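Read off the chains here:
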Amino acid sequence: MTGKARRTAAAALALVAMAPMLSGCLEEPSAHEAVRDFLVGWQTGDYTAAAQRTDGDEKAVRKALEDAKLQLDAASFRFNLTGIRGTGEQVEADFRAEVDLGENNPLWEYDGKLPLHLVDGSWKVRWSPSVLHPQLHEGQRFAVDVTPQERQPILDRKGDSLQEEATLYVVSVIPATLKNAEEVCERLSKITGFPQDRLLSRIRSARPDIPVPLVTFGRAPFAKLGDQIRAIPDVTIAPQRQSLNPDSPTQIVGSVTAVTPELVQQLGGPQRAGETVGRNGLQKVYQEHLTGSTETRVITVDLKTMAVTELKKWKPDRSTSPVHTTLDRTDQETADAALLGGGVPGMLVAVQASTGEVLAVASTKEYNQERDALAGKFPAGSTFSIMSVEGLIKAQMNPKQKLACPSERSVGGARFRQAGPPAGETPSLQANFATGCVTALASLARKIGSADLTTSAAQFGIGAPWTLPLKTFSGSVNSMKPLATDAATAKAIAGQNVLVSPLSMALVAGAVASGTWRPPVLVTDPKTLDPSVKAAPSKEPDPIKIDEKTVETLRTFMRSGVVAGSARAAAAPGDPVHGIAAVATRDRKPLAWFVGWQGDVAVAVLTASEDPTAGAAVAGRFFRGPHDKL
């Protein structure tokens, strides 16, 4: 049963309870019984019974009552008798009307009057259109005028729209010029799938002299169905430009579509032609903020002059509002270009180190910007050495200590391999960090306790309960279980049992760059996802200040990664670039990381490549992008 049917059924049930009450207080030979019979017949849809209690032409009165329901597209009428007065052969009854306008529209309440007089010894309602409403007169009809607010945009950090214009095709009719509304709606329903009765209801309840939008098509559906629509008599098709197509990052911004019958069912409520629905990304998450707010008026229309009189107006109970993001168009364009120039599948997330604000989320077609760049679960590889070194420094390990970097090493039964170990003298901890030597780093498993390692990870936000409007993953160390063995600890240092997302690693880079880890921010306004909820937004984790000595050491280490390590390809003019490159494996497929920063922009790059420097190469193109343009 539809919502409208349920409301109608509820009204009928309420009437059953009301009728005995009215019967108890109305007695012959007074006018009470006539008032009761008229209002009960009107409320229940027994228009013949109601018409018989008037002095008007029965057929004309019955049609007027039927038309009132259709013209208001009313789900139900409810009446309460509030008073009756008069003497002799003239009586007037007062009643309170409640009209459910349906389709999520408001409840219309008004006060009416029923003049009665004796006709051949029987009380009759003196019929005129003002019986339906005091301001309805001969030659007039009801109508409902609904004006939806336009869909609001999603904005970048400068307030510019992140959508491009797209063309929608709006199919409309002018009710007064329709020769056969039923036929038009039947044919339109067969083509589109929208219920015929709802299409017809919108025509009947609209102003007769202005176009009534019935169905909206996007470009592709219209190309397929346009010829069939044009063949329907008395319909007009008007192209309408709206800012709907997402700019980059398209999967973060999200796509928008015209309302379809399937979407009406999914949304669980009526939608009007011309309205749009977010299918994914921020457009879907913030649908209730971006659109859905309407102004509704109940009016009378003079059928000769088409003059309109407003009976009641409801302003939107909430205003639509744009979504303000932290995305930076310049950084986004640079990130997109950096990935396209590499020729390998990959992702790049850039954040502002000093705030945690997300500046850019880019990916090639092999990855999804939300599911993978924000919420993907990838092995960290030796990028986790950033957190490992933090723990080792606290354990008083000397950064200059020599550590062999063999091609293979076994720690607690776990085997580690290093491709192309350095020749010559034994490198220091700093040098092994810069080159990402997993065999050297894994050998330090006994230098740091498992609890200290997970604590160090937490200092950089790994596993933190931060949230964004979209799906995200903050990371996990061995699923956050205790690292009970040397082998497990060694794997964690090498990042083999640590899962992270590119977003979480960009925040790690930002923590080293700024000296404080901060939770990510993508949307600055609205503060809540649901505009009807007045509660404060959920509290994000507090920023975590990193020990100054640790930060200085890590900055030195990460600068050496670009100057003399495996991240040389990330070098760029301007502020010094800091970072490390690392390799990892997922489903036996090689991955290449870069995690680092330049100035106040921290990035994480992940590429699907056998080349261990592929991630650093993408980062280098990103950092050099602004200089290349100059």
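Look a little higher up for the structure.
Here goes a summary of the coordinates provided. Note on numbering: residues in each chain are counted from 1, in written sequence order. For this predicted model, a pLDDT threshold of at least 70 governs which residues receive local features, and a threshold of 80 or more governs which side-chain atom pairs are given and counted, while totals over whole chains, interfaces and linings are taken from all residues. Note that water and hydrogens are dropped before the side-chain values are worked out from all heavy atoms of the structure.

To continue, consider the pattern of salt bridges. We count a salt bridge whenever a side-chain nitrogen from Lys or Arg sits within 4 Å of a carboxyl oxygen from Asp or Glu. For the structure on display, the rule yields 30 salt bridges. With a shortest N-O distance of 3.6 Å, Lys179 and Asp234 are connected by a salt bridge. Residue Lys179 is found in the loop between strand E7 (163–173) and helix H5 (181–192), and its partner Asp234 is found in the loop between helix H7 (219–230) and strand E9 (236–246); the two are separated by 55 residues along the sequence. You can call Lys179 exposed: its relative accessible area is 74%. Type-normalised accessible area, obtained with a 1.4 Å probe on protein chains alone, sets the label of each residue: buried when under 20%, exposed when over 50%, and partly exposed for intermediate values. The class of Asp234 is partly exposed, set by a relative accessible area of 27%. By the criteria applied, helices consist of DSSP H or I runs no shorter than four residues and strands consist of E runs no shorter than two, each listed in order from the N terminus.

Let us now look at the sheet that holds strand E14 (residues 323–325). Taken in spatial order, the 3 strands of this open sheet run E6-E14-E23, and their pairing is mixed. With partners counted over all chains shown, the strands left at the sheet margins are strand E6 (154–155) and strand E23 (523–525), one partner each. In this description, strands pair whenever DSSP reports at least two bridges between them. Strand direction decides the pairing type here: E14 and E23, joined by 2 bridges, are antiparallel. Its bridge partner being in E23, Thr325 is matched across the sheet by Val523.

We now examine the packing of aromatic side chains. Pairing of aromatic rings covers Phe, Tyr and Trp, the last through its six-membered ring, and needs centres within 6.5 Å; plane angles under 30 degrees mean stacked, over 60 mean edge-to-face, and all others mean tilted. Using the criterion set out here, one finds 14 aromatic pairs in the structure. Both rings, one in Phe79 and one in Phe95, keep their centres 5.7 Å apart while their planes meet at 80°; by these two values the pair is edge-to-face. Of this pair, Phe79 sits in strand E1 (residues 76–87) while Phe95 sits in strand E2 (residues 90–100); the two residues are 16 residues apart in sequence, bridging distant segments of the chain. You can call Phe79 buried: its relative accessible area is 2%.

With respect to the helices and strands, the residue Ser382 is situated in the loop between strand E17 (378–379) and helix H14 (385–394). We classify Ser382 as buried; its relative accessible area is 2%.

Successive residues of a regular strand alternate their side chains across the two faces of the sheet. Strand direction decides the pairing type here: E2 and strand E3 (residues 107–119), joined by 11 bridges, are antiparallel. By the bridge assignment for E3, Asp100 is matched with Leu107. Two strands pair when backbone bridges link them, and E3 and strand E4 (residues 122–125) are joined in this way by 4 bridges, in the antiparallel orientation. Counterpart to Leu116 in the pairing with E4 is Val125. Between E3 and E4, which pair antiparallel one after the other, the connecting turn spans 2 residues, and Asp120 there sits at a positive phi close to 50°.

Time to look at the pairing of strand E16 (residues 358–363). In terms of burial, E16 is a largely internal element, 6 of the 6 residues being buried. Of the strand pairs in this sheet, strand E15 (residues 346–352) and E16 are connected by 5 bridges, and their pairing is antiparallel. Looking at E16, one finds that Val349 is bridged to Val361. Hairpin connection, E15 to E16: the antiparallel pair is bridged by 5 residues, and Gly356 has positive phi, about 85°.

With that settled, the discussion passes to the packing of H14 against helix H20 (residues 548–563). Helix axes are fitted to C-alpha atoms over the stretch in contact, other axes to C-alpha atoms as well, and angles between N-to-C directions run from 0 to 180 degrees. The interhelical angle for the contact between H14 and H20, taken along N-to-C directions, is 135°, at an axis separation of 10 Å. Our classification of the angle between H14 and H20 gives oblique. At the point where H14 passes H20, the crossing takes the right-handed sense. Contact residues: H14 offers Ile386, Val389, Glu390 and Ile393, while H20 offers Thr550, Thr553, Leu554, Phe557 and Met558. Considering only residue class, the contact of H14 with H20 consists of 6 nonpolar, 2 polar and 1 charged. If an angle is under 35 degrees, it is roughly parallel; if it is over 145, roughly antiparallel; if it lies from 65 to 115, roughly perpendicular; otherwise it is oblique. Should the near helix be turned anticlockwise from the far one by less than a right angle, the crossing is termed left-handed; should it be turned clockwise, right-handed. Only heavy atoms matter for contacts: two residues are in contact if any of them lie within 4.5 Å across the pair. Side-chain classes are defined by residue name, with Ala, Val, Leu, Ile, Met, Phe, Trp, Tyr, Cys and Pro counting as nonpolar, Asp, Glu, Lys and Arg as charged, and the others, Gly among them, as polar.

Sheet architecture is open: 3 strands sit in the order E5-E12-E13, paired in antiparallel fashion. Each edge of the open sheet carries a strand with a single partner, namely strand E5 (140–148) and strand E13 (308–314). Direction aside, neighbouring strands of the sheet carry axes that sit 25° apart on average. Judged from the 9 bridges that link them, E5 and strand E12 (residues 294–302) form a sheet pairing that is antiparallel. Residue pairing for E12: Asp145 is matched across the bridge by Arg297. Most of the contacts of helix H4 (residues 58–72) go to E5, to which it runs at about 10°, and overall it touches E5 and E12.

Disulfide: a covalent bond formed between the sulfur atoms of two cysteine residues. Two cysteine sulfurs form a disulfide in these notes if their separation is within 2.5 Å. Evaluated as defined, the whole model comprises 1 disulfide. Across the disulfide, Cys405 is cross-linked to Cys437 (sulfur-sulfur distance 1.9 Å). Its S-S torsion of about 105° marks the bond between Cys405 and Cys437 as right-handed, since a negative value means left-handed. Placement of the pair is Cys405 in the loop between H14 and strand E18 (408–411) and Cys437 in the loop between helix H15 (429–435) and helix H16 (438–442), with a sequence separation of 32 residues.

The next point concerns the nonpolar core. What is meant by a nonpolar core is a set of buried Ala, Val, Leu, Ile, Met, Phe, Trp, Tyr and Cys residues, joined one to another through side-chain atoms within 4.5 Å. Membership of the largest hydrophobic core comes to 76 residues, with the highest contact counts inside it found for Ile386, Met387, Phe460, Leu503, Leu522 and Trp593. It is helix H19 (residues 502–514) that contributes the most residues to this core, 9 residues altogether. Setting aside chain neighbours within four positions, we find Ile386 in contact with Phe433, Phe460, Val508, Val512, Leu554, Met558, Ile580 and Val595. Residues Ala51, Leu116, Val146 and Trp314 belong to the second largest nonpolar core, which totals 37 residues.

If you check H4, its first and last C-alpha atoms are 22 Å apart, about what 15 residues at 1.5 Å a residue would give, namely 21 Å. Buried residues of H4: Val61, Leu65, Ala68, Gln71 and Leu72, and no others. For H4, the angular spread of buried residues about the axis comes to 135°, placing them on one side. Positive phi shows up at Asp73, right after H4, with a value of about 50°. Between the first and last residue of a helix there are one fewer steps than residues, each counted as 1.5 Å, and that sum is the expected span. Directions are taken from the helix axis to each C-beta atom, and the arc is the one they span.

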